[in-house]
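Residue-level structural notes
Okay, here's what each chain looks like letter by letter:
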Amino acid sequence: MTEKLQTGSAVRHSIKIRGRIRILSSTGDVLHEQENVINLQNLVQVLYWLTTGTLPNTSCSSSQFILLGVGTFNASYSNFLWTGSVSLPYGLPPTTQITLYACFHYGSNSTSVAVATAEIPVYPGQTVTIEWAWSIQDPDNLVPQLLNLSLSGNLSSVSLSSSPTLTLPMQNNLVYLYYIQNTGSTPTTLSQYTVTFTLTPSSGTAVSVTVTWTLSTTVTILAGDAYPLPAAITLE
């Protein structure tokens, strides 16, 4: 992907994420279907952890649903579909809140993060199955591959290379901010910025995804100086 950078503005690598919940009866009938609210801030934090190899190790073995007034139950995961079943007691209010805590993995580290919520109807006395599905639109297919490997427990490492060489990105709300450092002894010019993300699974073949940003105006970086390039990976 190539995007234009206007001087002083952020380059957006915009990723659209949508999610829907279905509630199924014990016989497989669809009782209810609706959209969810995705916690974009938490997801950006996860992406930052994964791309910098800093995922905390709080140990989780599977994703979970937390249903307010009922409790916690495990959710199996496959290709952005979480599925779990629960028996609903009598005496519940007409609606309640459900939260998806996704279990992310990086190497031997794992951590559980609240990534989405919804207010859903309840069906007292019934055993229901919750299906929680996401769709992700990414022109470079970077975020879907990265998240799916992590959620599947199959992400060994992520490495970044760039031209010119970058410093580690900084996370600020929904934005990654990269800095270009001129470590040479003479000025250098910058008109294009390329980052290659190499995703190495625990089993399988590594995948490389390259994202390129083109500046609208060539920038000169003096020797020893750093140039902040607001090349943003943004979720919406």
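Structural data are supplied above this passage.
Calculation rules
Residues numbered from 1 in each chain as written. Predicted model: local features only at pLDDT ≥ 70, side-chain atom pairs only at ≥ 80, totals over all residues. Heavy atoms only, no water. Helix = DSSP H or I, 4+ residues; strand = E, 2+ residues; numbered from the N terminus. Buried < 20%, exposed > 50% of the residue type's maximum accessible area, 1.4 Å probe, protein only. Core = buried A, V, L, I, M, F, W, Y, C linked by side-chain atoms within 4.5 Å. Contact = heavy atoms within 4.5 Å. Salt bridge = Lys/Arg side-chain N within 4 Å of Asp/Glu carboxyl O. Pairing = 2+ DSSP bridges. Axes fitted to C-alpha atoms, helices over the stretch in contact; angles between N-to-C directions. Parallel < 35°, antiparallel > 145°, perpendicular 65-115°, else oblique. Nonpolar A, V, L, I, M, F, W, Y, C, P; charged D, E, K, R; others polar. Phe/Tyr/Trp six-rings, centres within 6.5 Å; stacked < 30°, edge-to-face > 60°.

1. Some words on unusual backbone geometry
- The phi angle at N79 is positive, at roughly 50 degrees, despite the residue not being glycine.
- When you line up the elements, N79 lands in the loop between β6 (71-77) and β7 (81-87).
- N79 sits in the exposed class, given a relative accessible area of 56%.
- Its identity is not glycine, yet N141 carries a phi of approximately 60 degrees, on the positive side.

2. Quick look at the nonpolar core
- With 55 residues, the main nonpolar core has W82, F104, W134 and L147 as its most contacted residues.
- Beyond its immediate chain neighbours, meaning those up to four positions away, W134 contacts I17, R18, G19, N36, I38, L43, F80, W82, L100, V115 and A116.
- Membership of the second largest hydrophobic core comes to 5 residues, among which are L190, L215, I221 and Y227.

3. Points about the pattern of salt bridges
- For the structure shown, the criterion picks out 3 salt bridges.
- Taking the shortest distance from any N to any O, the salt bridge between E35 and R20 comes out at 3.8 Å. Of the two residues, E35 is situated in strand β3 (residues 30-35) and R20 in strand β2 (residues 11-24); the sequence distance between them amounts to 15 residues.
- With a shortest N-O distance of 2.9 Å, E131 and R22 are connected by a salt bridge.

4. Digging into the pairing of strand β5 (residues 63-67)
- Only one face of β5 is buried, namely the one carrying S63, F65 and L67, since none of Q64 and I66 on the opposite face is buried.
- Bridge count for β5 against β6 is 5 bridges, and the pairing is antiparallel. The partner of I66 across the bridge, within β6, is T72.
- Remark: 3 residues form the turn of the hairpin made by β5 and β6, two consecutive strands paired antiparallel; G69 in that turn has positive phi of roughly 90 degrees.

5. Some remarks on the packing of helix α1 (residues 40-52) against helix α2 (residues 142-151)
- Where α1 contacts α2, the axes come no closer than 11 Å and their chain directions differ by 80 degrees. Relative to α2, the element α1 is oriented roughly perpendicular. Touching V46, L47, L50 and T51 of α1 are V143, L146, L147 and S150, all from α2.
- Residues that form the contact of α1 with α2 fall into these classes: 6 nonpolar, 2 polar and no charged.

6. Topic: the packing of aromatic side chains
- Tallying each qualifying case throughout the model produces 5 aromatic pairs.
- Aromatic side chains F65 and F73 sit 5.4 Å apart centroid to centroid with 70 degrees between the ring planes, which places their arrangement in the edge-to-face category.
- Here F65 falls in the buried class, since its relative accessible area comes to 0%.
- F73 gets classed as buried once you look at its relative accessible area, which sits at 10%.
- Centroid distance Y77 to F80: 6.2 Å. Interplanar angle 90 degrees. Geometry classified as edge-to-face.
- A relative accessible area of 18% places Y77 in the buried class.
- Residue classification places F80 among the buried positions, given a relative accessible area of 11%.

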